[in-house]
2 protein chains.
Amino acid sequence: MMIYAALRLGIETAVMDPDPECPCAGLAGRFLTADLGDAEAIRRLAGEVDIVTYEIEHVNTDALREIAEAGTAVLPRPESLAVIQDKREQRAHLSGQGLPGPRWGEVDGPQDPGIDAFGFPSVQKLRRGGYDGRGVAVLRDATSERLDGPSLLEAKVDVEQELSVVCVRDRFGHTDAYPVARMEFDPEANICTRVCAPADVPESVAARARDVALRTVAALDLVGTAAVELFLTHAGEILVNEVAPRPHNSGHLTIDAADTSQFEQHLRAVCGLPLGSTRQHSPAVMVNLLAEPGAAGKPVMTGYARAMAVPGLSLHLYGKNRVKSRRKMGHATVIAEDLERARQLADQAAGALRIHGTHGAEESE
Amino acid sequence: MMIYAALRLGIETAVMDPDPECPCAGLAGRFLTADLGDAEAIRRLAGEVDIVTYEIEHVNTDALREIAEAGTAVLPRPESLAVIQDKREQRAHLSGQGLPGPRWGEVDGPQDPGIDAFGFPSVQKLRRGGYDGRGVAVLRDATSERLDGPSLLEAKVDVEQELSVVCVRDRFGHTDAYPVARMEFDPEANICTRVCAPADVPESVAARARDVALRTVAALDLVGTAAVELFLTHAGEILVNEVAPRPHNSGHLTIDAADTSQFEQHLRAVCGLPLGSTRQHSPAVMVNLLAEPGAAGKPVMTGYARAMAVPGLSLHLYGKNRVKSRRKMGHATVIAEDLERARQLADQAAGALRIHGTHGAEESE
């Protein structure tokens, strides 16, 4: 999605990804197959471009630091990424800057007596490597299964809604934000299934969420698009959950519902261009399109034409050539005159369109 | 722009173009370098795909007929294209169906006494091969320079505004249209410089324009996106100028300002999918970005960051790797709260961004 924006803007791209069959391989100007931890490959990439950015947090930060010192612009800055990659560091840094969050602590591993001392229910998050619900465990009581590794521990928050504010910050420190979005999760898989924006929260809550988010991206000295995930508690508090220093699933609806997409904003920011307008022109609901449970092989869709009949729908398939059980294969955004209508229509589309695989797909129905 | 839509929708593409370095060569799933008149290449293309469509009128219609008869879906149908390709046939067909147009006649060539008999001022249009202002001559009087070839002759119309209605028609005859757009031309080069939509014309004029346009695409049995260019005369008449059976410059603003872009609509229609919503969510003005007069070589831009600072701007560069004098290198669309503001901002962007070439660009300033 970022390459589409780059093509339109006349920005040439070179992309590095471990999968030579990844969707962007055919779209990038140049393509380098390499693991994101591969320092030598990162040095090679730096030799080909003016600016390096990344769309995933699990990158070799030391190599990014090295190329930045050698003169390549690396944005967001490796220092910011290093803080975010370690959830304990991220939380400590944000707390230190006065940003609201849950009560927290740190533990060395599952046997650490600090877990019991901290109290339950808590949320254990591995300091490094978590992604899309992995590396996170809810500890209801002392018997709950714990994760193995140095972890951040947070008091379980009494969440009313999970909100996200997609922010943009340029190289000179100017910040802006899209309207506050509400994220809805599949409680079992802990995967975001639906994003609604502007979130149907009181004006004052939206204003506080925006303020906290903008202060958060400034506190981390981020450049580019960044999503600040927030908890709105039943008591009405706004707490920072975590930060994604890149275009984020909660901002995908900006492609179809805002003046400038989060992907174009990221490119504008890292390239030193003026930020675009963050106005959202229509209420919108985005649904993630996941492969069916147990699906494998090449993707096979059913209900495609029925989904395409949904008014106001924009379908975004990612061109992944393999399905896996519940793999994110695309998303669909519906814009409508109000959020409730958009939500109904988005659910209708998501209900119609099923992504199976050539193996195991049909059987799972 | 159509390939971007196809990628999102999961539609695989094979593209045929005479220029192996054309912008879509790197984006299409498969790419075939061939002249659009090459019957053998068209047969080869048909062997690779389920549906053949085209984005330019100058295609080998006989070859399209042949592959259609052999079972490939060719849309719009070759019969429709054959009528449109010949401006005399197009006019005769539309007149025959009761669609309003200027008084017309036909002549064999520049010496035909029918030109004088028809009267002046008139517009001589070569029956075949005209494009972007080429193949058209305004004959002010008997001394005006005439074109060489069989031609359609039309009475010069007292035009107040040139309007365009971008229509969509599916395989089953369902039609719809985007809001009426106003086209503005460079009087010297006869190139469209600016498109504004919804056009600031009275409701009743817009309704008549829409009605004429929808009847026009039905009369030609078109499938896909088609632009019906109309004259609004000082007397308040709506006359059909001509029809482009494909996504059209006057519909480019639908990418940023409508629920569904004209490119996605074209794909939906030719693929037998339901049409998308034609609602325009924001007033919009599009400006074409032409290379500077006399420019040559590779493109070099100036004023890029100043243009990008224009609020509500979406830049669409086409990735052409060579400039020519006044070649269309891209377009920019501005959406704003009203049309007047969008127009000001679009002009500001177009005034800032200059596309020169590595040869001859700087000198021409």
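These numbers come from a predicted model, not from an experiment.

(A) Spatial organisation of the sheet that holds strand 6 (residues 122-126) of chain B. All names here are of chain B. Taken in spatial order, the four strands of this open sheet run 5-8-6-7, and their pairing is antiparallel. Only two strands of the sheet have a single neighbouring strand rather than two, namely strand 5 (104-107) and strand 7 (136-139). Between one strand and the next, the sheet's axes are offset by a mean angle of 25 degrees, whatever the strand orientation. Pairing of strand 6 with strand 7 involves four bridges; the strand directions are antiparallel. Among the inter-strand pairings, Lys125 is bridged to a residue of strand 7, identified as Val136.

(B) The relation of the copies chain A and chain B, seen in detail. Here chain A sits on chain B after a turn of 180 degrees about the axis and a move of 0.0 Å along it, with an RMSD of 0.0 Å. Such a combination of turn and shift is consistent with a two-fold rotation axis. Measuring from the rotation axis to each C-alpha of chain A, the shortest distance belongs to Leu27 of chain A, at 3.0 Å. Looking at the interface residues of chain A, 100% of them are also at the interface in chain B, so both copies use one shared face.

(C) Representation of the sheet that holds strand 5 (residues 104-107) of chain A within the structure. Residues and elements named next belong to chain A. Here we have four strands laid out as an open sheet, ordered 5-8-6-7, and antiparallel in their pairing. Two strands in the sheet have a free side with no partner beyond their single neighbour: strand 5 and strand 7 (136-139). With strand direction ignored, the average angle separating the axes of adjacent strands in the sheet is 25 degrees. Packing of helix 5 (residues 87-96) onto the sheet brings it into contact with strand 5, strand 6 (122-126), strand 7 and strand 8 (151-155), and relative to strand 5 it is tilted by some 150 degrees.

(D) The pairing of strand 9 (residues 159-169) of chain B, seen in detail. Residue and element names in this part refer to chain B. With nine of its eleven residues buried, strand 9 lies for the most part within the structure. Direction of pairing for strand 9 relative to strand 13 (residues 224-233): antiparallel, over a ladder of ten bridges. Residue pairing across strands places Val168 opposite Thr225, the latter belonging to strand 13. Note that strand 9 and strand 11 (residues 181-186) share three bridges and pair antiparallel. Looking across to strand 11, one finds that Glu162 is bridged to Met183. Hairpin geometry of strand 9 and strand 10 (residues 175-177) is characterised by an intervening segment of five residues between the two adjacent antiparallel strands and by a positive phi of about 95 degrees at Gly173.

Scoring rules and cut-offs
- Residues numbered from 1 in each chain as written.
- Chains lettered and ligands numbered in written order.
- Predicted model: local features only at pLDDT ≥ 70, side-chain atom pairs only at ≥ 80, totals over all residues.
- Heavy atoms only, no water.
- Pairing = 2+ DSSP bridges.
- Helix = DSSP H or I, 4+ residues; strand = E, 2+ residues; numbered from the N terminus.
- Axes fitted to C-alpha atoms, helices over the stretch in contact; angles between N-to-C directions.
- Least-squares fit on C-alpha atoms with pLDDT ≥ 70 in both.
- Contact = heavy atoms within 4.5 Å.
- Buried < 20%, exposed > 50% of the residue type's maximum accessible area, 1.4 Å probe, protein only.

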